[in-house]
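Residue strings, one per chain:
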Amino acid sequence: MRLVVWVAAFVAAGYVGRATIIDGTALSLVWPAAGVAALWLATGGRRTRAGDVAALACAAFVVNATTGASPSLALVFVAANLLQVGLFLTFAHRWLPEVWAFGGARPLATLEQLGRLVAAALLGCAAAALLGSLGLHLVTGSGTLLTLLAWWGRNTAGLVAVALVGLLAGPSLSAAARSGGARAVLRVAARGLRPQDAGRVVEALLLTATTFGVYVAVFTSGVGPALAFLVLVPTFWAGIRFAPLAVILHSLACATTAIWLTLLGEGPFLAFHDVTARALVAQLCVLMTLVAGLSLAFSHAQVRAVVAELTEARDHLERLFAAAPQGIAVLSRDGLLISLNPALCDLLGRSEQDLVGRAVASFSADERDHSLADHLARAADDPAAAAETTWHLRDGQGLVRTVSLTSTRLRSGGGDSDEVLLVNVVDVTEREHLQEQLSHLAHHDPLTGLPNRRWFEQELERQLAAARREDRAGALLLLDLDHFKEVNDTLGHAAGDDLLVALGRVLERRARRTDAVARLGGDEFAVLLPGTEIAGAEEVARSIAAAVREHTRTLGGVHERVTVSIGGVPLDGDDPDALLRAADRALYAAKRAGRDQHVVATAVA
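So, here's what we can say about the structure.

## So, the overall build of the chain
Scanning the chain for helices and strands turns up 20 helices and 10 strands. Looking at the chain as a whole, 42% of its 605 residues qualify as buried. A separation threshold of at least 6 residues defines the contact pool for the chain, and within that pool the share at least 24 residues apart is 63%. Surface exposure of the chain reaches about 30,000 Å², of which carbon and sulfur atoms provide 60%. Seen as two clouds, the 52 positive and the 58 negative side-chain charges of the chain have centres 12 Å apart.

## A word on empty space enclosed by the protein
By the definition in use, this model includes four cavities of 30 Å³ or more. Computed from the structure, the largest cavity encloses a volume of approximately 120 Å³. Lining the largest cavity are 14 residues, and of these Val-360, Trp-391, Leu-405, Val-423 and Val-425 lie nearest its centre. When contributions to the lining of the largest cavity are tallied by element, the ones reaching two or more residues are strand S1 (327–332), helix H12 (342–348), helix H14 (371–381), strand S3 (387–394), strand S4 (400–411) and strand S5 (419–427). Considered as a void within the structure, the second largest cavity measures approximately 80 Å³ in volume. If you go around the second largest cavity, you meet 11 residues; those closest to its centre are Trp-31, Phe-77, Asn-81, Trp-151 and Arg-154. Secondary-structure elements contributing two or more residues to the lining of the second largest cavity are helix H4 (71–95) and helix H6 (145–193). For the lining of the second largest cavity, the residue count by class is five nonpolar, four polar and two charged.

## Re the side chain of Asn-452
Checked against the element boundaries, Asn-452 lands in the loop between helix H15 (429–443) and helix H16 (453–470). Relative accessible area serves as the criterion here: at 15%, Asn-452 is assigned to the buried category. Within the structure, Asn-452 has its side chain in polar contact with the backbone nitrogen of Trp-455 (distance 3.0 Å). Those residues in contact with Asn-452 that sit more than four places away from it in its chain are Leu-441, Ala-442, His-443, His-444, Asp-445, Ala-518 and Arg-519.

## Observations concerning the packing of aromatic side chains
In this structure the tally under the stated criterion is five aromatic pairs. Note that Arg-154 overlies the ring of Trp-151, its terminal NZ or CZ placed 5.1 Å from the centroid.

## Regarding the pairing of strand S6 (residues 474–482)
Of all nine residues in S6, nine are buried, a share of seventy percent or more. Burial of the side chains of S6 extends over both faces: Gly-474, Leu-476, Leu-478, Asp-480 and Asp-482 are buried on one face and Ala-475, Leu-477, Leu-479 and Leu-481 on the other. In the sheet, S6 pairs with strand S8 (residues 524–530) via seven bridges, with the strands oriented antiparallel. If you follow Ala-475 over to S8, its bridge partner there is Leu-529. Sheet topology places S6 next to strand S9 (residues 563–570); eight bridges connect them, and they run antiparallel. When the bridges of S9 are listed, Leu-476 appears paired with Val-569.

## With respect to the sheet that holds S9
The mixed open sheet is built from five strands, whose spatial order is S7-S8-S6-S9-S10. Sheet topology places strand S7 (516–521) and strand S10 (598–600) at the edges, where each strand pairs with a single neighbour. Neighbouring strand axes in the sheet, compared pairwise and without regard to direction, differ in orientation by 20° on average. In the sheet, S9 pairs with S10 via three bridges, with the strands oriented parallel. Bridge pairing links Gly-568 to Val-600 in S10. The strands touched by helix H19 (residues 534–555) within the sheet are S6, S8, S9 and S10, with S9 carrying the most contacts at an inclination of about 170°. Sitting on the sheet, helix H20 (residues 576–592) touches S6, S8, S9 and S10, and the angle it makes with S9 is about 140°.

## Some remarks on the nonpolar core
Core analysis: the biggest nonpolar cluster contains 70 residues, and Phe-10, Phe-88, Phe-102 and Leu-108 have the highest contact counts within it. The residues touching Leu-108, leaving out its near neighbours within four places in the chain, are Val-99, Gln-113, Leu-114, Leu-117, Leu-164, Leu-167, Leu-168 and Phe-298. Membership of the second largest hydrophobic core comes to 27 residues, among which are Leu-479, Ile-534, Ala-537 and Val-558.

## So, a nonpolar patch on the surface
A contiguous nonpolar surface patch, about 290 Å² in accessible area, is contributed by Leu-134, Leu-138 and Val-139. Of note, Leu-138 is situated in helix H5 (residues 111–140). Classification of Leu-138 by relative accessible area gives exposed; the value is 64%.

## Digging into the packing of helix H10 (residues 244–263) against helix H11 (residues 275–323)
Running from amino to carboxyl end, H10 crosses H11 at an angle of 165°, the nearest separation of the two axes being 9 Å. As far as their axial angle goes, H11 and H10 are roughly antiparallel. For the element pair H10 and H11, the recorded crossing hand is right-handed. The residues of H11 that touch H10, namely those facing Pro-244, Val-247, Ile-248, Ser-251, Leu-252, Ala-255, Ile-259 and Thr-262, are Arg-278, Ala-282, Val-286, Thr-289, Leu-290, Gly-293, Leu-294, Ala-297 and Phe-298.

## Here's the deal with unusual backbone geometry
Positive phi outside glycine occurs at Ala-101, with the angle close to 80°. Following the sequence through the fold, Ala-101 ends up in the loop between H4 and H5. Taking the relative accessible area as the measure of exposure, Ala-101 reaches 11% and is therefore buried.

## Details of the packing of helix H17 (residues 484–491) against helix H18 (residues 493–510)
Packed helices, taken two at a time, are described by their axes: the angle between them and the distance between them. Close contact between H17 and H18 brings their axes to 6 Å; oriented N to C, the two are set at 140°. Considered as vectors, H17 and H18 are oriented oblique to each other. Across the interface between the two elements, Phe-484, Val-487, Asn-488 and Leu-491 from H17 touch His-493, Ala-495, Gly-496, Leu-499 and Leu-500 from H18. Among the residues forming the contact of H17 with H18, the class breakdown is six nonpolar, three polar and no charged.

Thresholds, definitions, all that
Chains are numbered independently. Their residues run from 1 in the order of the written sequence. The predicted origin of the model limits local features to residues at a pLDDT of at least 70 and limits the giving and counting of side-chain atom pairs to 80 or more, whereas totals for whole chains, interfaces and linings rest on all residues. Excluded from the side-chain calculations are hydrogens and water; all other atoms, namely the structure's heavy atoms, are used. Labels follow the DSSP assignment, with helices taken as runs of H or I lasting at least four residues and strands as runs of E lasting at least two, numbered in each case from the N terminus. Here's how the labels work: a residue is buried when its accessible area is under 20% of the maximum for its type, exposed when over 50%, partly exposed in between, all with a 1.4 Å probe on protein chains only. In what follows, residue pairs with any heavy atoms lying within 4.5 Å of each other are defined as contacts. Calculation of accessible area relied on Shrake-Rupley with a 1.4 Å probe; when residues are assessed, cover is drawn exclusively from the protein chains displayed. We score Asp and Glu as negative and Lys and Arg as positive, and we do not count His or the chain ends. To locate a charge, take atom NZ for lysine, CZ for arginine, CG for aspartate or CD for glutamate. A pocket here means an open set of points on a 1 Å grid, computed over the protein atoms alone, that has protein on both sides within 12 Å along at least five of seven lines. A cavity is instead a set of points where a 1.4 Å probe fits but cannot get out; residues with an atom within 4 Å of a point line either one. Grid points are joined across faces, edges and corners, and a volume is the space filled by probe spheres set on the points. As a working rule, the residues Ala, Val, Leu, Ile, Met, Phe, Trp, Tyr, Cys and Pro are called nonpolar, Asp, Glu, Lys and Arg charged, and the rest polar, with Gly in that last group. Polar contact criterion, stated in full: a pair of N or O atoms within 3.5 Å, where within protein one must be able to donate a hydrogen and the other to accept it, and residues adjacent in sequence count only if both atoms are side-chain atoms. Stacked, tilted and edge-to-face are the three classes assigned to paired rings of Phe, Tyr and Trp, where Trp is represented by its six-membered ring and a pair needs centres within 6.5 Å; plane angles under 30 degrees give stacked, over 60 edge-to-face, the rest tilted. Here, a charge over a ring means that NZ of Lys or CZ of Arg falls within 6 Å of the ring centre while also lying within 35 degrees of the ring normal. One requirement defines pairing of two strands: DSSP has to find at least two bridges between them. Note on method: axes are straight lines fitted to C-alpha atoms, helices fitted across the in-contact stretch only, with angles between N-to-C directions ranging 0 to 180 degrees. Residues belong to a common nonpolar core when they are buried Ala, Val, Leu, Ile, Met, Phe, Trp, Tyr or Cys residues joined through side-chain atoms within 4.5 Å. For patch building, the residue pool is restricted to those with more than 30% relative accessible area and no salt bridge; the joining distance is 9 Å between like charges and 5 Å between nonpolar side chains (Val, Leu, Ile, Met, Phe, Trp, Tyr). Think of a salt bridge as a Lys or Arg side-chain nitrogen and an Asp or Glu carboxyl oxygen that are within 4 Å of each other. Orientation is classified from the angle alone, with under 35 degrees giving roughly parallel, over 145 giving roughly antiparallel, 65 to 115 giving roughly perpendicular, and any other angle giving oblique. The sense of a crossing depends on the near helix, which, turned anticlockwise from the far helix by less than a right angle, makes the crossing left-handed and, turned clockwise, makes it right-handed.

Right, dumping it as structure tokens:
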């Protein structure tokens with residue numbers, strides 16, 4: 001069935017072409033069979049290629065032999081047709097592998113592809129024109145350079161015109177044929193030709209009327225040559241406003257009209273008295289009309305596609321901007337809000353209308369804080385990197401919030417004056433609080449809230465270094481509760497924990513601002529006394545012991561038995577561990593002395 005359809009199409013196109021033979025020559029004005037042959041062999045496969053080539057040769061011979069060509073001349077035309085389509089397909093497969101019928105699945109869609117298609121047609125038809133003209137000269141003794149050029153022009157125009165229709169409509173029609181047969185093909189064709197809206201219908205009718213008027217004026221008036229340029233007006237109109245397939249159909253209608261009127265002896269091409277020259281110019285006009293119209297259509301289709309992509313990308317960015325969970329703002333170089341997203345409006349507690357035009361610095365929690373100005377200056381001065389900083393702002397409820405700012409300089413227009421700053425604003429208040437809590441837990445006892453052993457050892461090392469450097473006094477006291485185990489054993493660990501917390505408060509109240517109190521673990525505490533001599537350390541130890549007795553006495557019961565033993569040493573040497581061991585020895589000396597005692601050594605043993 002496929003072979004029958006293509007043979008019928010080629011024969012019909014061949015008879016149409018032979019019907020345009022110029023009087024007194026064997027040269028047709030148009031040769032649409034060239035395009036039919038190209039599509040025929042392009043859409044076949046390796047299994048059908050031999051049969052297609054044989055059928056094409058037979059059809060070409062029959063068309064030429066039955067329309068006046070001698071058998072020998074018909075054979076020349078067959079050879080020229082086969083050479084032409086073979087070279088064209090060779091180049092097309094190499095230059096257009098992404099296009100349908102040449103190895104790909106997409107229709108012809110770009111100016112570059114159109115240029116390659118025309119180049120392939122020109123090369124294939126040039127070879128055919130050389131072979132055909134040579135054969136024509138050998139068989140009939142006729143043929144000139146103009147004959148060769150006219151042959152080249154008419155075959156190129158016919159090949160390009162028909163091939164363009166097939167390459168534009170072929171992918172959708174072939175897909176419809178595979179899926180739904182002839183009815184599906186008709187539905188797809190009707191949908192492709194149907195105007196998109198009423199306005200486009202009116203414009204198509206106006207284009208048709210204008211085209212008719214222009215061609216009547218150019219081809220039937222006595223001043224046709226002077227007005228010949230007007231035929232480009234409807235071609236440009238169609239190319240700018242309509243889809244490529246509609247444009248090529250319009251161009252074919254224009255070309256058909258021009259050729260028909262020329263054959264009737266009308267039009268500007270009659271200015272050329274040599275019929276071959278007349279044919280050549282007519283063919284060039286046809287080819288130029290096709291290429292010009294489709295070039296405009298492809299250009300505008302690409303522009304529309306780019307605009308659609310940019311519009312879609314802009315809409316997508318706007319949706320992302322509006323839906324972003326963190327705040328985003330666009331600032332001028334002097335820090336004025338140009339636009340901001342809903343998340344930032346919520347953070348600032350104001351509407352976008354109230355915020356646009358305001359200086360972002362007006363939300364600073366501290367007027368003396370210049371970190372925002374420094375941050376924006378860094379972002380404006382270095383477009384290659386994103387500036388980052390942490391800033392404190394005051395929201396609409398007057399609360400101070402900590403935000404992380406990441407700013408990048410963008411160019412919204414063509415000059416430096418159009419540059420803006422894109423600022424990402426992330427509320428890190430909760431994160432900062434969490435980090436503070438984690439840092440506190442890392443260095444503090446979770447029960448009493450006092451610094452822990454880790455922090456105390458670091459502080460002890462620092463105070464030792466300061467005492468050596470400044471040659472100043474200092475003392476370390478270690479405290480251990482007496483009879484604390486009885487509280488846990490009789491009243492439970494909850495009561496013991498409450499007692500530890502209370503005693504921690506007692507120690508804090510007795511400490512100076514420069515002193516350091518820590519819980520080292522269990523019921524063991526430490527007090528660091530910078531700048532305190534031994535006598536002063538003994539006085540502090542005595543005061544602490546008395547305060548503990550006073551506190552536990554108010555509790556009564558088993559709590560009343562809880563006292564504290566204290567061991568102390570001066571801040572001496574450069575080994576914190578040795579100092580702690582010495583203080584521990586003094587502590588146990590106080591324990592052995594009967595508890596509720598303090599022993600402060602005068603030197604580190």
